[in-house]
Amino acid sequence: YSKVYAGGMTQEEAYAKNWDRQGRHDINEQISSTLTQHTLQVAHQTSLPVIWIGSDQQRGDSFGERLRHAFEDVFALGYQQVIAIGNDCPHLSSQEILTATEAISTGDLVAGRAEDGGVYLIGLHHDQFSPQAFQSLAWETARLQQTLDAYAQIGEWDIQWMATKQDLDSIFDLQTFIWNHSNPL
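Residues numbered from 1 in each chain as written. Predicted model: local features only at pLDDT ≥ 70, side-chain atom pairs only at ≥ 80, totals over all residues. Heavy atoms only, no water.

Asks: Any details on the overall build of the chain? Residues and values, ideally.
Replies: The helix and strand tally for the chain stands at 7 helices and 6 strands. Going from the N terminus to the C terminus, the chain shows its helices and strands as β-α-α-β-α-β-α-β-β-α-α-β-α. With 185 residues in all, the chain has 51% of them scored as buried. (Helix = DSSP H or I, 4+ residues; strand = E, 2+ residues; numbered from the N terminus. Buried < 20%, exposed > 50% of the residue type's maximum accessible area, 1.4 Å probe, protein only.)

Asks: Could you give me a rundown of the pairing of strand β4 (residues 109–114), with the residues and numbers involved?
Replies: Burial analysis of β4 places 5 of its 6 residues in the buried class, the great majority of the element. Note: β4 against strand β6 (residues 159–165), 5 bridges, orientation parallel. Note on β6: the bridge partner recorded for valine 110 is glutamine 160. In the sheet, β4 pairs with strand β5 (residues 119–125) via 4 bridges, with the strands oriented antiparallel. (Pairing = 2+ DSSP bridges.)

Asks: So what about the pairing of β5? Which residues, and what values?
Replies: Of all the 7 residues making up β5, 6 are buried; the element is thus mostly covered by neighbouring parts of the structure. With 5 bridges connecting them, strand β3 (residues 81–85) and β5 associate as antiparallel partners. In the sheet register, glutamine 81 faces β5, and the bridge partner there is histidine 125.

Asks: For the pattern of salt bridges, give the residues involved together with the corresponding values.
Replies: Within the structure shown, the criterion is met by 3 salt bridges. Note that arginine 59 and aspartate 73 form a salt bridge whose closest N and O atoms lie 2.8 Å from each other. With a gap of 14 residues between them, arginine 59 in the loop between β2 (50–53) and α3 (63–76) and aspartate 73 in helix α3 connect regions that are remote in the sequence. Judged by relative accessible area, which is 39%, arginine 59 ranks as partly exposed. On the basis of relative accessibility, which here comes to 30%, the residue aspartate 73 falls in the partly exposed class. Residues lysine 165 and glutamate 96 are paired through a salt bridge, measuring 2.9 Å at the closest nitrogen-oxygen approach. (Salt bridge = Lys/Arg side-chain N within 4 Å of Asp/Glu carboxyl O.)

Asks: Report on the environment of methionine 162, specifying residues and quantitative values.
Replies: Residue placement: methionine 162 occurs in strand β6. Separated by 62 residues in sequence, methionine 162 and alanine 100 place their C-alpha atoms 8.0 Å apart. Once residues lying within four places of it in the same chain are set aside, the contact partners of methionine 162 are Glu96, Ala100, Val110, Ala111, Gly112, Arg113, Tyr120 and Leu121. (Contact = heavy atoms within 4.5 Å.)

Asks: Could you give an account of the packing of aromatic side chains, with specific residues and numbers?
Replies: For the structure shown, the criterion picks out 9 aromatic pairs. Considering the side-chain rings of tyrosine 151 and tryptophan 157, the 5.7 Å spacing of their centres and the 45° angle between planes classify their relative orientation as tilted. Its relative accessible area of 6% is what places tyrosine 151 among the buried residues. Between arginine 113 and the ring centre of tryptophan 161, over which it is positioned, the NZ or CZ distance is 4.1 Å. (Phe/Tyr/Trp six-rings, centres within 6.5 Å; stacked < 30°, edge-to-face > 60°. Lys NZ or Arg CZ within 6 Å of the ring centre and 35° of its normal.)

Asks: I'd love a proper account of the side chain of glutamine 128, names of residues and values included.
Replies: Locating glutamine 128 in the fold gives a position in the loop between β5 and α5 (131–135). One polar contact links the side chain of glutamine 128 to the main-chain carbonyl oxygen of glycine 107, over a distance of 3.0 Å. If near-sequence neighbours (up to four positions away) are discounted, glutamine 128 is found in contact with Gly107, Asp108, Leu109, Tyr151 and Trp157. (Polar contact = N/O pair within 3.5 Å; in protein donor to acceptor, adjacent residues only side chain to side chain.)

Asks: Quick rundown of the environment of cysteine 89? Include the residues and the values.
Replies: When you line up the elements, cysteine 89 lands in the loop between β3 and α4 (94–105). You can call cysteine 89 buried: its relative accessible area is 3%. The sequence separation of cysteine 89 and alanine 114 amounts to 25 residues, and the corresponding C-alpha distance is 8.6 Å. When neighbours within four sequence positions are excluded, cysteine 89 is seen to be in contact with Tyr120, Lys165, Gln166 and Asp167.

Here it is, written out as C-alpha cells:
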C-alpha cells in the first residue's frame with residue numbers, strides 16, 4: 001500500500017520562509033495555512049490514504065531529522081511505500097502524486113525537482129529507506145538533489161525525477177507565483 005505523507009510546516013519554518021516583506025510572522029503563518037489546506041486537498045484527490053503530520057507531532061531538531069521520523073512513523077504503520085509532499089509547491093497535482101506511486105511500485109525512488117535545488121516531493125519504498133543516511137541528506141540546501149542522487153546510487157536504486165517546479169521559499173517566489181497566476185497574458 002502507498003501512503004501520502006503531507007508534511008506540516010513548523011512555526012520556525014514558516015518564519016524562515018519570510019513571505020511577508022515586513023517580517024510579520026502572522027502573515028507567514030496565514031500563507032502557510034493556505035498552502036497547507038491546498039496541499040491536503042490535492043493529496044485527498046488521489047484517494048490514497050493521507051497522513052498529516054503537523055508541527056505539533058514532529059520530532060527532531062533539524063528538518064532532516066523531522067522528515068526521517070515522519071517516514072519511520074508511517075512505515076511503522078505497515079505501509080511499504082511513502083510519498084512525502086511539501087506544502088510549499090502549489091503547482092503539484094494529484095495526478096503527479098499518482099505517477100509517483102507508480103514509479104515506487106516499479107522499484108524506483110522518486111523525487112520532484114524544485115528550481116532551487118531542493119525537492120517538493122520524495123517517495124520511496126521501505127526497502128530504500130536508510131534512516132541515518134536519509135536524515136543526513138543536504139536538506140534545505142541547493143545541494144539536496146545531488147545528495148539524493150548519491151543516496152540512490154549507494155543503494156543501487158534508480159531515481160525517477162519528476163518535472164521541475166517552483167516551490168515558495170521567499171517573498172520573491174510568492175510574488176512570482178501570484179503574478180503568473182493573476183496575469184491574464
